[in-house]
Amino acid sequence: MVRSQQGIIMAYRVGLVGTGGIARAHGNACQQIEEADLAAIYDISEEQLDRFGEEYGVPEEERYTDLDQMLNAIDLDIVSICTWGCFHAEVGIQVCNSQKVKAVLCEKPFTQTAAEAEAFVTAGRDNGVLVAEAFKFRHHPMHLKAKELIETGAIGDLLNVRSTFCTNSGQPLADRMPESNWRFNKAKGGGSIYDLACYNIHHARFVFGEEPVRVFAAQELGVEADDAASILLEFSRGRAAQISVGFNSYSSQYAEISGHKGTLRLDRVWNNENSGVSIEQRTVDGDEIIEFAPCFQFALQLQHLCECLETGRAYRIAPEHSIAQMQVLDAVNESMENGKAVIL
């Protein structure tokens, strides 16, 4: 919350860049928390802009087809980037350089390359803008509790992580065409590693609390982008994360974290909006199910960002962490292309 010159407490004003599918989650988040208010929207498509504006009650005069015009015309605190991944760096740098906002919340994948990520973060740092990567799961109580259990030694010495993110429930390859969805379109930033594996990779780095030292990845190609991938991230002391993702494999979203004294099993780890989830904790001392009530991760994410702006506390995902994430994705890409392990 921010205080006006008259001392009135007001919500942080949010502008959305892009009004496609993921923008609805960000729009819903603005509606669900009192700390934020959806004030303006931008898109190159007037038809889509108007449709979204009507649905979310954004006045016609606050719907823009020119990004600079939106930034200059309305006093915004936060801009959420909801475009295709190929535009994240370009838009993020433009918003930061405008010096018109306090924070930029950028959807995953953060950028397309580590070089782009470095340029984006530098623009934020140079202009005093908080650059925040939007990984919704990092704000879910289930993941925060799992990290706490690991750090307090509940499963002993951390050894490995296994996780999946597979999304196919019977969709044939003929329906996974580049023109049908950005996820299958390489030019728009699609592919299984950018849309899916980015979650698993970020999660593994979060769980281990360090960066991998070596990466190996194999891909299954779709029409033009990777349709699936198997990834091995090697961490210090020979520990590893095994990751399986794909648009071609039957739906699966789990993470299993193993230590020498026990394991943590998390199901529906990425997309679990408004449904209860649990951690299955199995240790030498016995088993326990830790349950979590339904929550909307996008609202928790936006609420955390507003709290950071209000208190000055650090955002859960440091900008440097986002650069390192893209360095790993660069290595995954390299390994998929040449069939060899890449040392980081």
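Above this text sits the structure in question.
In short, a report on the structure. These numbers come from a predicted model, not from an experiment.

1. So, the overall build of the chain
Okay, so step 1: Check the secondary structure of the chain and you find nine helices and 17 strands.
Okay, so step 2: Taken over C-alpha atoms, the radius of gyration comes to 20 Å for the chain, in line with the 20 Å a tight globule of 344 residues would show.
Okay, so step 3: If one aligns the C-alpha atoms of the chain with their principal axes, the spans along those axes are about 60 × 45 × 40 Å.
Okay, so step 4: Looking at the chain residue by residue over its 344 residues, the buried ones come to 52%.
Okay, so step 5: Within the chain, contacts between residues at least 6 apart in sequence are counted, and of these 68% link residues at least 24 apart.

2. Overview of the environment of Val91
Okay, so step 1: Tracing the chain through its elements places Val91 in helix H4 (residues 88–98).
Okay, so step 2: Val91 sits in the buried class, given a relative accessible area of 9%.
Okay, so step 3: As for Val91 and Val17, which are separated by 74 residues in sequence, their C-alpha atoms are 8.3 Å apart.
Okay, so step 4: Once residues lying within four places of it in the same chain are set aside, the contact partners of Val91 are Val17, Leu67 and Ile81.

3. Observations regarding the layout of surface pockets
Okay, so step 1: Of the pockets and cavities examined, the largest pocket occupies roughly 960 Å³.
Okay, so step 2: Ile22, Cys82, Thr83, Trp84 and Trp182 are the residues nearest the centre of the largest pocket, which is lined by 40 residues in total.
Okay, so step 3: Those elements that place two or more of their residues in the lining of the largest pocket are helix H1 (21–32), H4, strand E9 (158–168) and helix H7 (192–208).
Okay, so step 4: Of the residues forming the lining of the largest pocket, the biggest block, four residues, is contributed by H4.

4. As for the pattern of salt bridges
Okay, so step 1: Under the counting rule described, the total for this entry stands at 19 salt bridges.
Okay, so step 2: Residue Glu55 is joined to Arg24 by a salt bridge in which the shortest nitrogen-to-oxygen separation is 3.0 Å. Pair noted here: Glu55 is in helix H2 (residues 46–56) and Arg24 is in helix H1, with a separation of 31 residues, a long-range link.
Okay, so step 3: For Glu55, a relative accessible area of 45% gives the class partly exposed.
Okay, so step 4: On the basis of relative accessible area, Arg24 is assigned to the partly exposed category, the value being 26%.

5. Some remarks on the packing of helix H5 (residues 114–126) against helix H9 (residues 319–338)
Okay, so step 1: Two elements in contact, H5 and H9, have axes whose closest approach is 8 Å; the angle formed by their N-to-C orientations is 170°. By the angle between their directions, the pair H5 and H9 is classed as roughly antiparallel. Contact residues: H5 offers Ala114, Ala117, Glu118, Val121 and Arg125, while H9 offers Pro319, Glu320, Ser322, Ile323, Met326, Gln327 and Asp330.

6. Observations concerning the packing of aromatic side chains
Okay, so step 1: Evaluation of the coordinates by the stated rule reveals 13 aromatic pairs.
Okay, so step 2: Ring centres of Phe110 and Phe120 lie 4.8 Å apart, and the angle between their planes is 5°; this geometry places the pair in the stacked category. In this pair, Phe110 sits in the loop between strand E7 (103–107) and H5 while Phe120 sits in helix H5, placing the two residues ten residues apart along the sequence.
Okay, so step 3: According to the relative accessible area criterion, Phe120 is buried, its value standing at 0%.

7. Looking at the nonpolar core
Okay, so step 1: With 105 residues, the main nonpolar core has Ile231 and Leu233 as its most contacted residues.
Okay, so step 2: Per-element accounting of this core gives the leading share, ten residues, to H7.
Okay, so step 3: Setting aside chain neighbours within four positions, we find Leu233 in contact with Ile201, Ala204, Pro212, Arg214, Val215, Arg239, Ala240, Ala241, Ile243 and Val328.

8. Quick look at the sheet that holds strand E14 (residues 262–267)
Okay, so step 1: Reading across from one edge, E16-E15-E14-E13-E9-E12-E11-E10-E17 is the order of the nine strands in this open sheet, with mixed pairing throughout. Each edge of the open sheet is held by one strand with a lone partner, namely strand E16 (286–292) and strand E17 (342–343).
Okay, so step 2: Here strand E11 (residues 226–234) runs beside strand E12 (residues 240–250); their pairing, made up of seven bridges, is antiparallel. Paired with Leu233 across the two strands is Ala241, which belongs to E12.

9. What to know about the sheet that holds strand E8 (residues 130–134)
Okay, so step 1: Here we have six strands laid out as an open sheet, ordered E5-E4-E3-E6-E7-E8, and parallel in their pairing. Every other strand in the sheet has two partners, leaving strand E5 (63–64) and E8 as the edge strands with one partner each.
Okay, so step 2: Inspection of the sheet shows strand E3 (residues 12–17) paired to strand E6 (residues 78–81) by four bridges, in the parallel sense. Bridge pairing in E6 places Gly15 opposite Val79.

10. Quick word on unusual backbone geometry
Phi is mostly negative for residues that are not glycine, and the peptide bonds are mostly trans.
Okay, so step 1: With an omega of -15°, the peptide bond running from Lys108 to Pro109 counts as cis.
Okay, so step 2: Take Pro109: it is sitting in the loop between E7 and H5.
Okay, so step 3: Positioned with a positive phi, Arg237 is a non-glycine residue whose angle comes to about 60°.
Okay, so step 4: In this structure, Arg237 sits in the loop between E11 and E12.
Okay, so step 5: Phi is positive for Arg268, close to 50°, though the residue is something other than glycine.

Definitions and limits used
The written sequence of each chain sets the order in which its residues are numbered from 1. Given that the model is predicted, a residue must reach a pLDDT of at least 70 before its local features are reported, and side-chain atom pairs must reach 80 or more before they are shown or counted; all residues, however, enter totals for whole chains, interfaces and linings. Think of the side-chain values as coming from all heavy atoms in the structure, minus any hydrogens and water. Every helix listed is a DSSP run of H or I at least four residues long, and every strand listed is a run of E at least two residues long, numbered separately from the N terminus. For the radius of gyration, the atoms used are the C-alpha atoms, and the globule rule reads 2.2 Å times the number of residues raised to 0.38. Throughout this description, buried means an accessible area under 20% of the type-specific maximum (1.4 Å probe, protein chains only), exposed means over 50%, and partly exposed covers the range between. Any two residues whose heavy atoms approach within 4.5 Å are treated as being in contact. The definitions used throughout rest on a 1 Å grid laid over the protein atoms alone, on which a cavity is an enclosed set of points accommodating a 1.4 Å probe that cannot get out and a pocket is an open set flanked by protein within 12 Å on both sides along at least five of seven lines; lining residues are those having an atom within 4 Å of a point. Grid points are joined across faces, edges and corners, and a volume is the space filled by probe spheres set on the points. For this analysis, a salt bridge means a side-chain nitrogen from Lys or Arg found within 4 Å of a carboxyl oxygen belonging to Asp or Glu. Orientation is described by axes fitted as lines to C-alpha atoms, over the contacting stretch for helices, and by angles from 0 to 180 degrees between their N-to-C directions. Working rule for angles: under 35 degrees goes down as roughly parallel, over 145 as roughly antiparallel, 65 to 115 as roughly perpendicular, anything else as oblique. Only rings of Phe, Tyr and Trp enter the pairing, Trp through its six-membered ring, and a pair is recorded when the two centres are within 6.5 Å. The plane angle decides the type: under 30 degrees is stacked, over 60 is edge-to-face, the rest tilted. Only buried residues count toward a nonpolar core. Its members are Ala, Val, Leu, Ile, Met, Phe, Trp, Tyr and Cys residues joined through side-chain atoms within 4.5 Å. Two strands pair under a simple rule: DSSP has to find at least two bridges between them.

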